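Residue-level structure breakdown
Single-letter residue listing:
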Amino acid sequence: MISKKMEAALNEQVNKEFYSAYMYLAMSAYCNSIGLPGFSHWMRLQYEEENMHVTKMYDYILSQGGQVHLKAITEPPKEYGKPLDIFKKTLEHEQFVTASIHRLMELAIEERDFATQTFLQWYVTEQVEEESNVNDILAPLRMVGEDKGGLMMIDQKLEQRTLATGA
Ligand code: FEO
């Protein structure tokens with residue numbers, strides 16, 4: 001059982017996770033269009049992870065007897081600039097999602113909703129990992145700058161990403 005306020009807040013988060021998936025799919029297409037197949041692959045898997053974040057929250061709302069309310073998804077940009085800009089935007093977006101998850105946790109604490117606190121802990125941990133993964137890519141990107149050889153090496157590394165299955 002969740003409160004109506006919590007139900008609304010979780011539905012808002014479902015929408016943000018959907019937007020994340022949509023944005024990473026747009027980023028994947030963009031990376032492909034600028035000749036970075038490894039970047040494109042990384043973003044495609046990110047899209048799949050976000051879909052998993054959506055369905056996990058959707059399932060939780062239903063399991064608590066709540067109502068799912070699917071709202072319109074905002075159109076993401078088509079272009080994301082240079083390789084470094086793409087990952088800067090990724091980090092910015094993940095920080096935005098982290099802040100949103102933390103606000104949800106604050107609400108769960110305020111409402112003494114222990115079940116939702118436990119549920120949200122998974123997302124808190126996941127956000128630490130997401131930000132850390134992006135920072136690990138930003139560091140070499142900053143180092144290579146515009147160097148084409150360096151960017152190709154990073155592209156090959158990103159191509160090796162596999163989907164995390166921990167749900
Ligand atoms: Fe679902 Fe990347 O946060």
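All of the points below concern the structure found in this document. Bear in mind the structure is a predicted one, so any value in this text is a computation, not a measurement.

This next bit is on helix 4 (residues 114-144). The terminal C-alpha atoms of helix 4, which comprises 31 residues, lie 46 Å apart, in line with the 45 Å expected from a rise of 1.5 Å per residue. At Leu-120, helix 4 shows its strongest bend, of approximately 25°. The positive-phi residue at the C-terminal boundary of helix 4 is Gly-145, with phi of around 60°.

What follows covers the nonpolar core. One recurring pattern in soluble globular proteins: nonpolar side chains tend to sit buried together. The biggest cluster of nonpolar side chains holds 22 residues, and the ones touching the most others in it are Phe-39, Met-43 and Phe-87. Contributing elements (two or more residues each) for this core: helix 1 (4-33), helix 2 (37-63), helix 3 (83-110), helix 4 and helix 5 (148-158). Here this core gets seven residues from one element, more than from any other, and that element is helix 1. Other than its neighbours up to four places away in sequence, Met-43 contacts Tyr-24, Met-27, Ser-28, Cys-31, Ile-86, Phe-87 and Thr-90. Within the second largest apolar cluster, 19 residues are counted, among which are Met-6, Leu-10, Leu-104 and Leu-120.

On to the layout of surface pockets, then. There is about 370 Å³ of room inside the largest pocket. Broken down by element, the residue count for the lining of the largest pocket peaks at eight residues, all from helix 4. For the second largest pocket, the calculated volume is near 290 Å³. Elements that contribute at least two residues to the lining of the second largest pocket include exactly helix 3 and helix 5. Per-element tally for the lining of the second largest pocket: the top contributor is helix 5, with four residues. Partitioned by chemical class, the residues of the lining of the second largest pocket number six nonpolar, two polar and five charged.

With that settled, the discussion passes to the packing of helix 2 against helix 5. Interhelical geometry of helix 2 versus helix 5 gives an angle of 35° and a closest axis separation of 7 Å. Considering only the axes of helix 2 and helix 5, their crossing is left-handed. Facing Pro-37, Gly-38, Phe-39, His-41 and Trp-42 of helix 2, the residues of helix 5 in contact are Leu-151, Ile-154, Asp-155 and Leu-158.

About the cut-offs
Residues numbered from 1 in each chain as written. Predicted model: local features only at pLDDT ≥ 70, side-chain atom pairs only at ≥ 80, totals over all residues. Heavy atoms only, no water. Helix = DSSP H or I, 4+ residues; strand = E, 2+ residues; numbered from the N terminus. Expected span 1.5 Å × (residues − 1). Bend = angle between axes of the 7 residues up to and from the residue. Core = buried A, V, L, I, M, F, W, Y, C linked by side-chain atoms within 4.5 Å. Buried < 20%, exposed > 50% of the residue type's maximum accessible area, 1.4 Å probe, protein only. Contact = heavy atoms within 4.5 Å. 1 Å grid on protein atoms, 1.4 Å probe; cavity = no way out; pocket = protein on both sides within 12 Å on 5 of 7 lines; lining within 4 Å. Points joined across faces, edges and corners; volume = space filled by probe spheres on them. Nonpolar A, V, L, I, M, F, W, Y, C, P; charged D, E, K, R; others polar. Axes fitted to C-alpha atoms, helices over the stretch in contact; angles between N-to-C directions. Left-handed = near helix turned anticlockwise from the far one by under 90°.

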